[in-house]
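Listed here are the chains, written in short residue letters.
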Amino acid sequence: MVGVRRVFFVFHFAFKTFYIMMAHMADRKKFYITTSIPYANAVPHVGHALEFVQADALARYHRLLGSEVFLLTGTDEHGKKITEAAAEAHKTPQQFVDAVSAKFAEALEALGVSHDGFIRTSDEKKHVPAVHKVWQLLKGNGDMYKDKYRGRYCVGCEAFLREAEIRDGKCIIHERPVQDVYEENYFFRFSKYAKDVERLIRDDVIAVLPEHRKKEVLNLFSEEGTKDVSVSRPAENVGWGVAVPNDNTQIMYVWVDALLNYLSGIDFGTDNFKKWWPPDVQVIGKDIARFHTMIWPAMLLSLGLDLPKKILVHGHVNVEGKKISKSLGNTVDPIELVHKYGKDAVRYFLLREIPSDNDGDFSFARLHERYTGDLQNGLGNLVSRATTLALAHPKVWEGIEAEDVLAKSRAALVSAYRRAVEQFKLHEALSFVWKLVDESNKLIEDTKLWDTIRADTARARGTLKTLAENLCAIGILLFPFVPDTAGKVLGAVGKQEASFASVPFPVRFQKPERPLFPKLS
Ligand code: ME8
(Lines give C-alpha, C1' and ligand atoms only; values in the text may rest on other atoms or scores of the structure.)
Protein backbone atom coordinates (compact mmCIF):
# COMPACT_ATOMS: atom_id res chain seq x y z
CA MET A 1 0.00 0.00 0.00
CA VAL A 2 2.83 2.35 0.93
CA GLY A 3 4.48 1.51 -2.42
CA VAL A 4 1.32 2.37 -4.36
CA ARG A 5 0.93 5.63 -2.45
CA ARG A 6 4.52 6.56 -3.16
CA VAL A 7 4.14 5.84 -6.90
CA PHE A 8 1.00 7.96 -6.95
CA PHE A 9 2.74 10.71 -5.01
CA VAL A 10 5.71 10.81 -7.38
CA PHE A 11 3.50 10.60 -10.49
CA HIS A 12 1.25 13.37 -9.19
CA PHE A 13 4.20 15.70 -8.64
CA ALA A 14 5.88 14.83 -11.92
CA PHE A 15 2.67 15.60 -13.83
CA LYS A 16 2.04 18.85 -11.99
CA THR A 17 5.65 19.96 -12.50
CA PHE A 18 5.52 19.14 -16.22
CA TYR A 19 2.23 21.02 -16.64
CA ILE A 20 3.50 24.14 -14.87
CA MET A 21 6.79 24.10 -16.78
CA MET A 22 5.03 23.80 -20.14
CA ALA A 23 2.67 26.68 -19.32
CA HIS A 24 5.74 28.68 -18.34
CA MET A 25 7.63 27.93 -21.57
CA ALA A 26 4.69 28.73 -23.86
CA ASP A 27 5.26 32.48 -23.91
CA ARG A 28 9.03 32.63 -23.58
CA LYS A 29 10.50 36.06 -24.10
CA LYS A 30 13.90 36.58 -25.68
CA PHE A 31 16.60 38.24 -23.61
CA TYR A 32 19.80 39.38 -25.30
CA ILE A 33 22.55 40.46 -22.90
CA THR A 34 26.12 41.50 -23.64
CA THR A 35 29.32 42.21 -21.73
CA SER A 36 31.90 44.61 -23.08
CA ILE A 37 34.74 42.87 -24.91
CA PRO A 38 38.02 43.31 -23.01
CA TYR A 39 41.19 44.28 -24.84
CA ALA A 40 43.33 41.26 -25.59
CA ASN A 41 46.45 43.21 -24.63
CA ALA A 42 46.76 41.64 -21.19
CA VAL A 43 45.35 38.67 -19.30
CA PRO A 44 42.06 38.92 -17.36
CA HIS A 45 41.94 40.46 -13.89
CA VAL A 46 39.29 40.60 -11.15
CA GLY A 47 37.69 43.68 -12.74
CA HIS A 48 36.93 41.69 -15.88
CA ALA A 49 35.74 38.81 -13.70
CA LEU A 50 33.30 41.17 -11.96
CA GLU A 51 31.68 42.19 -15.24
CA PHE A 52 31.49 38.59 -16.45
CA VAL A 53 29.78 37.31 -13.32
CA GLN A 54 27.40 40.26 -13.16
CA ALA A 55 26.25 39.60 -16.72
CA ASP A 56 26.08 35.87 -16.03
CA ALA A 57 23.94 36.39 -12.92
CA LEU A 58 21.51 38.50 -14.96
CA ALA A 59 21.46 35.96 -17.79
CA ARG A 60 20.73 33.12 -15.35
CA TYR A 61 18.09 35.18 -13.57
CA HIS A 62 16.25 35.71 -16.84
CA ARG A 63 16.54 32.03 -17.75
CA LEU A 64 15.02 31.31 -14.37
CA LEU A 65 12.13 33.61 -15.23
CA GLY A 66 11.57 31.50 -18.31
CA SER A 67 13.13 33.76 -20.98
CA GLU A 68 15.21 32.45 -23.82
CA VAL A 69 18.58 34.06 -23.21
CA PHE A 70 21.62 34.83 -25.33
CA LEU A 71 24.68 36.03 -23.41
CA LEU A 72 27.40 37.42 -25.65
CA THR A 73 30.97 38.13 -24.65
CA GLY A 74 34.33 38.09 -26.44
CA THR A 75 37.62 39.91 -26.91
CA ASP A 76 38.63 43.21 -28.52
CA GLU A 77 41.73 42.40 -30.54
CA HIS A 78 42.66 45.40 -32.64
CA GLY A 79 44.32 48.77 -32.17
CA LYS A 80 47.60 50.31 -31.27
CA LYS A 81 47.58 48.97 -27.73
CA ILE A 82 47.61 45.40 -29.03
CA THR A 83 50.30 46.14 -31.61
CA GLU A 84 52.52 47.51 -28.85
CA ALA A 85 51.89 44.60 -26.48
CA ALA A 86 52.56 42.05 -29.26
CA ALA A 87 55.83 43.75 -30.21
CA GLU A 88 56.93 43.73 -26.59
CA ALA A 89 56.23 39.99 -26.43
CA HIS A 90 58.05 39.39 -29.78
CA LYS A 91 54.92 37.95 -31.31
CA THR A 92 52.77 38.84 -34.29
CA PRO A 93 49.56 40.61 -33.24
CA GLN A 94 47.53 37.55 -34.29
CA GLN A 95 49.68 35.13 -32.27
CA PHE A 96 49.50 37.46 -29.34
CA VAL A 97 45.72 37.92 -29.33
CA ASP A 98 45.17 34.19 -29.89
CA ALA A 99 46.97 33.49 -26.63
CA VAL A 100 45.30 36.27 -24.63
CA SER A 101 41.83 35.53 -25.98
CA ALA A 102 42.28 31.89 -24.93
CA LYS A 103 43.05 33.13 -21.42
CA PHE A 104 39.77 35.05 -21.34
CA ALA A 105 37.93 31.95 -22.52
CA GLU A 106 39.62 30.02 -19.71
CA ALA A 107 38.59 32.63 -17.14
CA LEU A 108 34.96 32.47 -18.33
CA GLU A 109 35.04 28.69 -17.97
CA ALA A 110 36.66 28.85 -14.53
CA LEU A 111 34.03 31.34 -13.33
CA GLY A 112 31.19 29.21 -14.69
CA VAL A 113 29.90 31.90 -17.05
CA SER A 114 27.08 30.53 -19.19
CA HIS A 115 27.76 32.54 -22.33
CA ASP A 116 26.13 31.55 -25.60
CA GLY A 117 28.54 33.39 -27.87
CA PHE A 118 32.19 34.47 -27.76
CA ILE A 119 33.09 36.95 -30.48
CA ARG A 120 36.64 37.87 -31.41
CA THR A 121 37.15 41.01 -33.44
CA SER A 122 39.98 39.37 -35.43
CA ASP A 123 37.48 36.76 -36.65
CA GLU A 124 37.64 37.13 -40.42
CA LYS A 125 34.49 35.11 -41.03
CA LYS A 126 32.04 36.32 -38.45
CA HIS A 127 33.14 39.79 -37.38
CA VAL A 128 35.08 41.52 -40.17
CA PRO A 129 32.46 41.09 -42.95
CA ALA A 130 29.74 42.43 -40.61
CA VAL A 131 31.87 45.47 -39.81
CA HIS A 132 32.46 46.13 -43.52
CA LYS A 133 28.75 45.89 -44.17
CA VAL A 134 27.90 48.34 -41.40
CA TRP A 135 30.53 50.80 -42.59
CA GLN A 136 29.06 50.76 -46.06
CA LEU A 137 25.56 51.25 -44.72
CA LEU A 138 26.67 54.24 -42.64
CA LYS A 139 28.49 55.66 -45.68
CA GLY A 140 25.47 55.00 -47.90
CA ASN A 141 23.37 57.01 -45.46
CA GLY A 142 25.70 59.97 -45.96
CA ASP A 143 27.01 59.71 -42.39
CA MET A 144 30.70 59.20 -43.19
CA TYR A 145 33.07 61.73 -44.75
CA LYS A 146 36.83 62.28 -44.94
CA ASP A 147 38.54 65.29 -43.38
CA LYS A 148 41.72 66.45 -41.71
CA TYR A 149 41.89 65.96 -37.97
CA ARG A 150 44.03 67.45 -35.26
CA GLY A 151 43.88 65.86 -31.84
CA ARG A 152 45.74 64.34 -28.93
CA TYR A 153 45.59 60.56 -28.77
CA CYS A 154 46.15 58.27 -25.79
CA VAL A 155 47.00 54.70 -26.74
CA GLY A 156 46.03 53.51 -23.24
CA CYS A 157 42.50 54.86 -23.73
CA GLU A 158 42.55 54.18 -27.48
CA ALA A 159 40.88 57.57 -27.77
CA PHE A 160 41.41 61.20 -28.64
CA LEU A 161 41.27 63.09 -25.38
CA ARG A 162 39.52 66.26 -24.26
CA GLU A 163 41.62 69.02 -22.67
CA ALA A 164 40.23 68.10 -19.24
CA GLU A 165 41.67 64.61 -19.65
CA ILE A 166 45.25 65.82 -20.16
CA ARG A 167 47.64 67.15 -17.52
CA ASP A 168 51.24 68.17 -18.30
CA GLY A 169 50.95 66.53 -21.71
CA LYS A 170 49.95 63.23 -20.16
CA CYS A 171 46.68 61.30 -20.03
CA ILE A 172 45.34 61.63 -16.49
CA ILE A 173 44.27 57.98 -16.39
CA HIS A 174 47.25 56.25 -17.98
CA GLU A 175 49.86 58.83 -17.04
CA ARG A 176 51.62 58.38 -20.35
CA PRO A 177 52.35 61.14 -22.89
CA VAL A 178 49.58 61.78 -25.40
CA GLN A 179 50.45 61.82 -29.11
CA ASP A 180 49.84 65.00 -31.09
CA VAL A 181 48.13 63.87 -34.24
CA TYR A 182 47.40 65.70 -37.46
CA GLU A 183 46.07 63.35 -40.07
CA GLU A 184 43.32 62.58 -42.54
CA ASN A 185 40.49 60.49 -41.05
CA TYR A 186 36.97 59.45 -41.80
CA PHE A 187 34.35 61.14 -39.64
CA PHE A 188 30.97 59.94 -38.51
CA ARG A 189 28.21 62.56 -38.38
CA PHE A 190 27.56 62.30 -34.68
CA SER A 191 26.27 65.90 -34.78
CA LYS A 192 23.27 64.71 -36.77
CA TYR A 193 22.15 62.33 -34.00
CA ALA A 194 23.48 63.82 -30.77
CA LYS A 195 20.30 65.66 -29.76
CA ASP A 196 18.18 62.56 -30.36
CA VAL A 197 20.53 60.32 -28.41
CA GLU A 198 20.56 62.76 -25.49
CA ARG A 199 16.76 62.84 -25.43
CA LEU A 200 16.51 59.04 -25.66
CA ILE A 201 18.78 58.71 -22.63
CA ARG A 202 17.06 61.49 -20.70
CA ASP A 203 13.66 59.83 -21.31
CA ASP A 204 14.98 56.37 -20.40
CA VAL A 205 14.21 54.95 -23.82
CA ILE A 206 17.77 53.78 -23.37
CA ALA A 207 17.76 53.34 -19.59
CA VAL A 208 21.20 54.05 -18.17
CA LEU A 209 21.57 52.65 -14.66
CA PRO A 210 22.51 53.57 -11.97
CA GLU A 211 21.01 57.06 -11.93
CA HIS A 212 24.31 58.81 -11.07
CA ARG A 213 25.90 57.38 -14.23
CA LYS A 214 22.94 58.60 -16.29
CA LYS A 215 23.58 62.11 -14.93
CA GLU A 216 27.29 61.88 -15.77
CA VAL A 217 26.52 60.74 -19.28
CA LEU A 218 23.99 63.51 -19.85
CA ASN A 219 26.59 66.05 -18.72
CA LEU A 220 28.94 64.78 -21.41
CA PHE A 221 26.53 65.93 -24.08
CA SER A 222 26.83 69.52 -22.95
CA GLU A 223 30.55 69.31 -22.07
CA GLU A 224 31.68 67.65 -25.28
CA GLY A 225 29.18 69.25 -27.57
CA THR A 226 27.87 67.47 -30.54
CA LYS A 227 30.93 67.37 -32.75
CA ASP A 228 31.40 64.69 -35.38
CA VAL A 229 33.80 61.94 -34.37
CA SER A 230 36.86 60.54 -36.07
CA VAL A 231 36.26 56.88 -36.95
CA SER A 232 39.40 55.82 -38.78
CA ARG A 233 43.15 56.32 -38.63
CA PRO A 234 45.80 56.17 -41.34
CA ALA A 235 46.92 52.55 -41.80
CA GLU A 236 50.59 53.45 -41.26
CA ASN A 237 49.79 54.83 -37.78
CA VAL A 238 47.80 51.88 -36.52
CA GLY A 239 48.73 48.86 -38.61
CA TRP A 240 46.55 46.24 -36.97
CA GLY A 241 42.80 46.50 -37.51
CA VAL A 242 39.95 46.32 -39.99
CA ALA A 243 40.69 48.13 -43.24
CA VAL A 244 38.10 50.67 -44.39
CA PRO A 245 36.25 49.15 -47.38
CA ASN A 246 37.63 50.45 -50.68
CA ASP A 247 40.28 52.53 -48.93
CA ASN A 248 43.34 50.56 -47.80
CA THR A 249 45.06 53.68 -46.57
CA GLN A 250 42.72 53.79 -43.57
CA ILE A 251 42.04 51.43 -40.68
CA MET A 252 38.80 51.66 -38.73
CA TYR A 253 39.02 53.22 -35.32
CA VAL A 254 39.23 50.35 -32.85
CA TRP A 255 36.15 51.50 -30.95
CA VAL A 256 33.93 51.43 -34.03
CA ASP A 257 35.15 47.94 -34.85
CA ALA A 258 34.71 46.85 -31.22
CA LEU A 259 31.19 48.24 -30.68
CA LEU A 260 30.01 46.37 -33.74
CA ASN A 261 30.73 43.06 -31.98
CA TYR A 262 27.23 43.36 -30.52
CA LEU A 263 25.91 43.03 -34.08
CA SER A 264 28.42 40.53 -35.51
CA GLY A 265 28.23 38.28 -32.44
CA ILE A 266 24.65 37.37 -33.34
CA ASP A 267 25.27 37.22 -37.10
CA PHE A 268 24.30 40.67 -38.33
CA GLY A 269 21.79 40.60 -41.17
CA THR A 270 20.59 37.03 -40.62
CA ASP A 271 17.46 35.54 -39.06
CA ASN A 272 19.45 34.86 -35.93
CA PHE A 273 20.16 38.57 -35.69
CA LYS A 274 16.47 39.39 -36.14
CA LYS A 275 15.61 36.92 -33.41
CA TRP A 276 17.83 38.53 -30.78
CA TRP A 277 18.12 42.21 -31.67
CA PRO A 278 18.04 44.63 -29.77
CA PRO A 279 20.08 44.06 -26.60
CA ASP A 280 17.85 43.94 -23.56
CA VAL A 281 20.82 44.66 -21.30
CA GLN A 282 24.40 45.76 -21.97
CA VAL A 283 26.77 45.52 -19.03
CA ILE A 284 29.79 47.84 -19.15
CA GLY A 285 32.27 49.57 -16.83
CA LYS A 286 32.14 53.24 -15.91
CA ASP A 287 35.17 54.15 -18.06
CA ILE A 288 33.47 53.11 -21.30
CA ALA A 289 30.03 54.61 -20.67
CA ARG A 290 30.85 57.51 -22.99
CA PHE A 291 31.32 55.27 -26.06
CA HIS A 292 28.27 53.19 -25.27
CA THR A 293 25.91 56.07 -24.68
CA MET A 294 27.03 58.47 -27.40
CA ILE A 295 28.56 57.07 -30.58
CA TRP A 296 26.99 53.59 -30.21
CA PRO A 297 23.33 54.68 -30.14
CA ALA A 298 24.07 57.29 -32.83
CA MET A 299 25.38 54.59 -35.17
CA LEU A 300 22.30 52.49 -34.46
CA LEU A 301 20.04 55.43 -35.28
CA SER A 302 21.86 55.88 -38.58
CA LEU A 303 21.44 52.16 -39.31
CA GLY A 304 17.73 52.34 -38.42
CA LEU A 305 18.17 49.61 -35.81
CA ASP A 306 16.35 49.37 -32.48
CA LEU A 307 18.29 50.67 -29.51
CA PRO A 308 19.54 48.79 -26.44
CA LYS A 309 16.92 48.88 -23.72
CA LYS A 310 19.19 49.11 -20.68
CA ILE A 311 22.83 49.97 -20.19
CA LEU A 312 24.08 48.88 -16.79
CA VAL A 313 27.24 50.62 -15.69
CA HIS A 314 29.34 49.01 -12.97
CA GLY A 315 32.12 50.67 -11.03
CA HIS A 316 35.72 49.58 -10.77
CA VAL A 317 37.37 47.13 -8.42
CA ASN A 318 40.47 48.32 -6.64
CA VAL A 319 42.89 45.85 -5.10
CA GLU A 320 43.70 46.46 -1.45
CA GLY A 321 42.62 50.09 -1.93
CA LYS A 322 44.72 50.71 -5.05
CA LYS A 323 43.75 51.01 -8.68
CA ILE A 324 44.59 47.85 -10.64
CA SER A 325 47.62 48.57 -12.78
CA LYS A 326 50.28 46.60 -14.58
CA SER A 327 53.00 48.91 -13.31
CA LEU A 328 51.93 48.40 -9.68
CA GLY A 329 51.88 44.66 -10.35
CA ASN A 330 48.70 44.34 -8.29
CA THR A 331 46.55 42.48 -10.80
CA VAL A 332 44.75 39.49 -9.32
CA ASP A 333 44.19 36.52 -11.59
CA PRO A 334 40.59 35.24 -11.31
CA ILE A 335 41.60 31.77 -12.50
CA GLU A 336 44.04 31.41 -9.59
CA LEU A 337 41.37 32.66 -7.20
CA VAL A 338 38.96 30.00 -8.42
CA HIS A 339 41.60 27.30 -7.91
CA LYS A 340 42.11 28.40 -4.34
CA TYR A 341 38.59 29.32 -3.18
CA GLY A 342 36.29 27.60 -5.66
CA LYS A 343 34.17 29.05 -8.42
CA ASP A 344 31.13 29.92 -6.35
CA ALA A 345 33.09 31.53 -3.54
CA VAL A 346 34.74 33.89 -6.04
CA ARG A 347 31.43 34.62 -7.75
CA TYR A 348 29.79 35.24 -4.37
CA PHE A 349 32.55 37.54 -3.22
CA LEU A 350 32.52 39.68 -6.35
CA LEU A 351 28.74 39.94 -6.46
CA ARG A 352 28.23 40.53 -2.74
CA GLU A 353 31.24 42.55 -1.68
CA ILE A 354 31.51 44.89 -4.68
CA PRO A 355 28.39 47.06 -4.99
CA SER A 356 27.19 46.55 -8.58
CA ASP A 357 26.55 50.24 -9.06
CA ASN A 358 29.73 51.64 -7.51
CA ASP A 359 33.42 51.12 -6.99
CA GLY A 360 34.52 48.45 -4.55
CA ASP A 361 37.59 46.86 -3.10
CA PHE A 362 39.10 43.41 -3.46
CA SER A 363 41.24 42.18 -0.61
CA PHE A 364 42.30 38.70 0.43
CA ALA A 365 41.34 39.43 4.02
CA ARG A 366 37.75 40.33 3.01
CA LEU A 367 37.52 37.32 0.73
CA HIS A 368 38.62 35.12 3.62
CA GLU A 369 36.08 36.74 5.93
CA ARG A 370 33.23 36.31 3.48
CA TYR A 371 34.29 32.70 2.92
CA THR A 372 34.41 31.67 6.54
CA GLY A 373 31.56 33.93 7.66
CA ASP A 374 28.74 34.04 5.10
CA LEU A 375 29.58 30.84 3.28
CA GLN A 376 31.02 28.32 5.76
CA ASN A 377 29.36 29.42 8.99
CA GLY A 378 26.23 30.81 7.38
CA LEU A 379 24.96 28.78 4.46
CA GLY A 380 27.23 25.72 4.78
CA ASN A 381 26.41 25.29 8.44
CA LEU A 382 22.68 25.67 7.83
CA VAL A 383 22.58 22.95 5.18
CA SER A 384 24.76 20.67 7.26
CA ARG A 385 22.75 21.06 10.49
CA ALA A 386 19.34 20.77 8.84
CA THR A 387 20.23 17.63 6.90
CA THR A 388 22.11 15.94 9.76
CA LEU A 389 19.22 16.41 12.18
CA ALA A 390 16.58 15.45 9.63
CA LEU A 391 18.39 12.32 8.50
CA ALA A 392 18.80 11.11 12.07
CA HIS A 393 14.98 11.31 12.46
CA PRO A 394 13.42 10.45 9.10
CA LYS A 395 9.99 9.58 10.57
CA VAL A 396 9.50 13.18 11.73
CA TRP A 397 9.34 14.62 8.23
CA GLU A 398 7.90 11.67 6.31
CA GLY A 399 5.39 12.84 3.66
CA ILE A 400 6.02 16.58 4.09
CA GLU A 401 5.08 18.53 1.01
CA ALA A 402 6.66 21.91 0.25
CA GLU A 403 4.51 24.37 -1.60
CA ASP A 404 4.70 28.02 -2.61
CA VAL A 405 8.19 28.41 -1.28
CA LEU A 406 8.45 31.91 -2.74
CA ALA A 407 5.07 33.03 -1.40
CA LYS A 408 3.48 33.83 1.97
CA SER A 409 6.05 34.71 4.64
CA ARG A 410 8.82 34.83 2.02
CA ALA A 411 6.93 36.91 -0.55
CA ALA A 412 8.14 40.34 0.64
CA LEU A 413 11.74 39.18 0.64
CA VAL A 414 11.39 37.71 -2.84
CA SER A 415 9.99 40.95 -4.26
CA ALA A 416 12.75 42.97 -2.60
CA TYR A 417 15.26 40.55 -4.16
CA ARG A 418 13.68 40.87 -7.59
CA ARG A 419 13.55 44.66 -7.40
CA ALA A 420 17.22 44.71 -6.43
CA VAL A 421 18.24 42.49 -9.37
CA GLU A 422 16.22 44.55 -11.81
CA GLN A 423 17.69 47.79 -10.43
CA PHE A 424 21.22 46.38 -10.86
CA LYS A 425 21.87 46.10 -7.14
CA LEU A 426 23.01 42.51 -7.18
CA HIS A 427 24.84 42.90 -3.86
CA GLU A 428 21.53 43.89 -2.24
CA ALA A 429 19.72 40.94 -3.77
CA LEU A 430 22.29 38.63 -2.16
CA SER A 431 21.94 40.36 1.17
CA PHE A 432 18.21 39.55 1.09
CA VAL A 433 18.99 35.87 0.52
CA TRP A 434 21.31 35.95 3.51
CA LYS A 435 18.48 37.29 5.65
CA LEU A 436 16.75 34.00 4.99
CA VAL A 437 19.94 32.06 5.70
CA ASP A 438 20.37 33.83 9.05
CA GLU A 439 16.69 33.49 9.89
CA SER A 440 16.86 29.76 9.21
CA ASN A 441 19.94 29.25 11.36
CA LYS A 442 18.16 31.21 14.08
CA LEU A 443 15.08 29.04 13.73
CA ILE A 444 17.17 25.96 14.50
CA GLU A 445 18.60 27.70 17.56
CA ASP A 446 15.35 29.23 18.83
CA THR A 447 13.35 26.01 18.52
CA LYS A 448 16.27 23.96 19.89
CA LEU A 449 15.59 21.59 17.06
CA TRP A 450 18.18 19.05 18.29
CA ASP A 451 15.94 18.55 21.39
CA THR A 452 12.45 19.04 19.96
CA ILE A 453 13.13 16.56 17.18
CA ARG A 454 13.24 13.89 19.93
CA ALA A 455 10.71 15.26 22.41
CA ASP A 456 8.06 17.07 20.40
CA THR A 457 7.96 15.57 16.95
CA ALA A 458 4.83 17.47 15.88
CA ARG A 459 6.56 20.80 16.54
CA ALA A 460 9.81 19.59 14.97
CA ARG A 461 7.87 18.52 11.89
CA GLY A 462 6.63 22.11 11.47
CA THR A 463 10.15 23.47 11.91
CA LEU A 464 11.57 21.03 9.37
CA LYS A 465 8.86 21.99 6.88
CA THR A 466 9.76 25.67 7.26
CA LEU A 467 13.46 24.85 7.00
CA ALA A 468 12.92 22.78 3.86
CA GLU A 469 10.90 25.57 2.28
CA ASN A 470 13.47 28.18 3.28
CA LEU A 471 16.28 26.06 1.86
CA CYS A 472 14.36 25.60 -1.35
CA ALA A 473 13.75 29.35 -1.62
CA ILE A 474 17.43 30.00 -0.87
CA GLY A 475 18.43 27.52 -3.59
CA ILE A 476 16.18 29.18 -6.18
CA LEU A 477 17.23 32.73 -5.30
CA LEU A 478 20.91 31.79 -5.27
CA PHE A 479 20.76 30.05 -8.62
CA PRO A 480 21.67 33.11 -10.74
CA PHE A 481 24.61 33.95 -8.48
CA VAL A 482 26.17 30.67 -7.38
CA PRO A 483 24.59 27.99 -9.55
CA ASP A 484 26.54 24.95 -8.30
CA THR A 485 25.91 25.80 -4.66
CA ALA A 486 22.26 26.51 -5.43
CA GLY A 487 21.96 23.03 -6.96
CA LYS A 488 23.44 21.48 -3.81
CA VAL A 489 21.10 23.44 -1.54
CA LEU A 490 18.10 22.36 -3.59
CA GLY A 491 19.40 18.78 -3.65
CA ALA A 492 19.59 18.83 0.16
CA VAL A 493 15.78 19.01 0.30
CA GLY A 494 15.09 16.78 -2.70
CA LYS A 495 14.29 19.47 -5.26
CA GLN A 496 15.45 18.73 -8.79
CA GLU A 497 15.83 22.18 -10.28
CA ALA A 498 15.41 25.89 -9.68
CA SER A 499 12.35 27.67 -11.05
CA PHE A 500 10.37 30.77 -10.13
CA ALA A 501 7.18 28.92 -10.96
CA SER A 502 5.69 27.70 -7.73
CA VAL A 503 6.08 23.97 -8.21
CA PRO A 504 5.18 21.87 -5.16
CA PHE A 505 7.44 18.97 -4.30
CA PRO A 506 7.80 16.19 -1.75
CA VAL A 507 10.52 17.07 0.75
CA ARG A 508 13.35 14.57 0.94
CA PHE A 509 16.32 15.65 3.06
CA GLN A 510 19.67 14.47 1.73
CA LYS A 511 23.12 15.22 3.03
CA PRO A 512 25.45 16.77 0.43
CA GLU A 513 28.34 14.45 -0.38
CA ARG A 514 30.89 17.04 0.69
CA PRO A 515 30.63 20.20 2.76
CA LEU A 516 29.43 23.07 0.59
CA PHE A 517 32.46 25.16 1.50
CA PRO A 518 35.43 23.02 2.56
CA LYS A 519 38.17 24.20 4.90
CA LEU A 520 40.70 26.29 3.06
CA SER A 521 44.12 24.70 2.73
O1 ME8 B 1 37.45 48.94 -22.45
N2 ME8 B 1 37.13 46.93 -12.19
O3 ME8 B 1 38.45 46.88 -22.64
P4 ME8 B 1 39.10 46.77 -21.17
C5 ME8 B 1 35.99 46.63 -12.84
N6 ME8 B 1 37.96 46.81 -25.21
N7 ME8 B 1 35.89 46.61 -14.18
C8 ME8 B 1 36.98 46.92 -14.88
C9 ME8 B 1 38.22 47.24 -14.28
C10 ME8 B 1 38.25 47.24 -12.85
N11 ME8 B 1 39.35 47.51 -12.17
N12 ME8 B 1 39.10 47.49 -15.26
C13 ME8 B 1 38.43 47.33 -16.43
C14 ME8 B 1 37.75 47.94 -23.09
N15 ME8 B 1 37.17 47.01 -16.21
C16 ME8 B 1 37.25 47.81 -24.52
C17 ME8 B 1 35.76 47.53 -24.49
S18 ME8 B 1 33.40 47.08 -25.70
C19 ME8 B 1 32.80 47.32 -27.24
C20 ME8 B 1 35.11 47.43 -25.84
C21 ME8 B 1 36.10 46.80 -17.16
O22 ME8 B 1 39.80 45.47 -21.16
C23 ME8 B 1 35.94 47.99 -18.07
O24 ME8 B 1 35.22 49.01 -17.41
O25 ME8 B 1 39.87 47.98 -20.85
C26 ME8 B 1 35.20 47.37 -19.24
O27 ME8 B 1 33.82 47.33 -18.98
C28 ME8 B 1 35.79 45.95 -19.27
O29 ME8 B 1 36.41 45.73 -18.02
C30 ME8 B 1 36.82 45.77 -20.36
O31 ME8 B 1 37.84 46.73 -20.20
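Here, the structure is the one placed above.
The structure displayed is predicted, hence computed values, not measured ones.

> Tell me what's going on with the nonpolar core, and back it up with residues and numbers.
Core analysis: the largest hydrophobic core is formed by 105 residues, its most contacted members being I33, L379, Y417 and F481. One finds I206, W255, L303 and I311 within the second-largest nonpolar core, a separate group that totals 71 residues.

> Explain the sheet that holds strand β11 (residues 232-234) to me, using residue names and the numbers behind them.
Spatial strand order, β11-β13-β12: three strands in an open sheet with antiparallel pairing. Strands with a single pairing partner mark the edges of an open sheet, and in this sheet they are β11 and β12 (243-244). Sheet analysis places β11 next to strand β13 (residues 247-252), joined by three bridges and oriented antiparallel. Note that in β13 the partner of R233 across the bridge is I251.

> Before we move on, can you summarise helix α6 (residues 194-202) with the specific residues and values?
Because the α-helix completes a turn every 3.6 residues, residues three or four places apart line up on one side. Every buried residue belonging to α6 is among A194, V197, E198, L200 and I201, and all of these are buried. An end-on view of α6 places all buried positions within 165° of arc, on one side of the element. Phi for D204, located one or two positions after α6, is positive at around 60°.

> I'd like a description of the pattern of salt bridges, backed by residues and values.
Scanning the entire structure with this criterion turns up 36 salt bridges. Close ionic contact of D374 with R370 constitutes a salt bridge, the shortest N to O distance being 2.8 Å. Of the two residues, D374 and R370 are both situated in helix α16 (residues 364-392); the distance of four residues between them amounts to about one turn of the helix. Of the residues examined, D374 reaches a relative accessible area of 17% and is grouped as buried. For the salt bridge of D446 with K442, the shortest nitrogen-to-oxygen distance reads 2.9 Å. With D446 and K442 both in helix α18 (residues 426-446) and four residues apart, the pair spans about one turn of that helix. Through salt bridges with shared partners, one network takes in R352, E353, R366, E369, R370 and D374.

> Help me get a handle on the packing of α6 against helix α13 (residues 295-303), residues and values and all.
The contact between α6 and α13 brings their axes to 9 Å, and the two run at 110°. In terms of orientation, α6 lies roughly perpendicular with respect to α13. Relative to α13, the crossing made by α6 is right-handed. Every residue of α13 that contacts α6 at D196, V197 and L200 is listed here: P297, A298 and L301. Partitioned by chemical class, the residues of the contact of α6 with α13 number five nonpolar, no polar and one charged.

What counts and how
- Residues numbered from 1 in each chain as written.
- Predicted model: local features only at pLDDT ≥ 70, side-chain atom pairs only at ≥ 80, totals over all residues.
- Heavy atoms only, no water.
- Core = buried A, V, L, I, M, F, W, Y, C linked by side-chain atoms within 4.5 Å.
- Buried < 20%, exposed > 50% of the residue type's maximum accessible area, 1.4 Å probe, protein only.
- Pairing = 2+ DSSP bridges.
- Helix = DSSP H or I, 4+ residues; strand = E, 2+ residues; numbered from the N terminus.
- Arc of directions from axis to C-beta.
- Salt bridge = Lys/Arg side-chain N within 4 Å of Asp/Glu carboxyl O.
- Axes fitted to C-alpha atoms, helices over the stretch in contact; angles between N-to-C directions.
- Parallel < 35°, antiparallel > 145°, perpendicular 65-115°, else oblique.
- Left-handed = near helix turned anticlockwise from the far one by under 90°.
- Contact = heavy atoms within 4.5 Å.
- Nonpolar A, V, L, I, M, F, W, Y, C, P; charged D, E, K, R; others polar.

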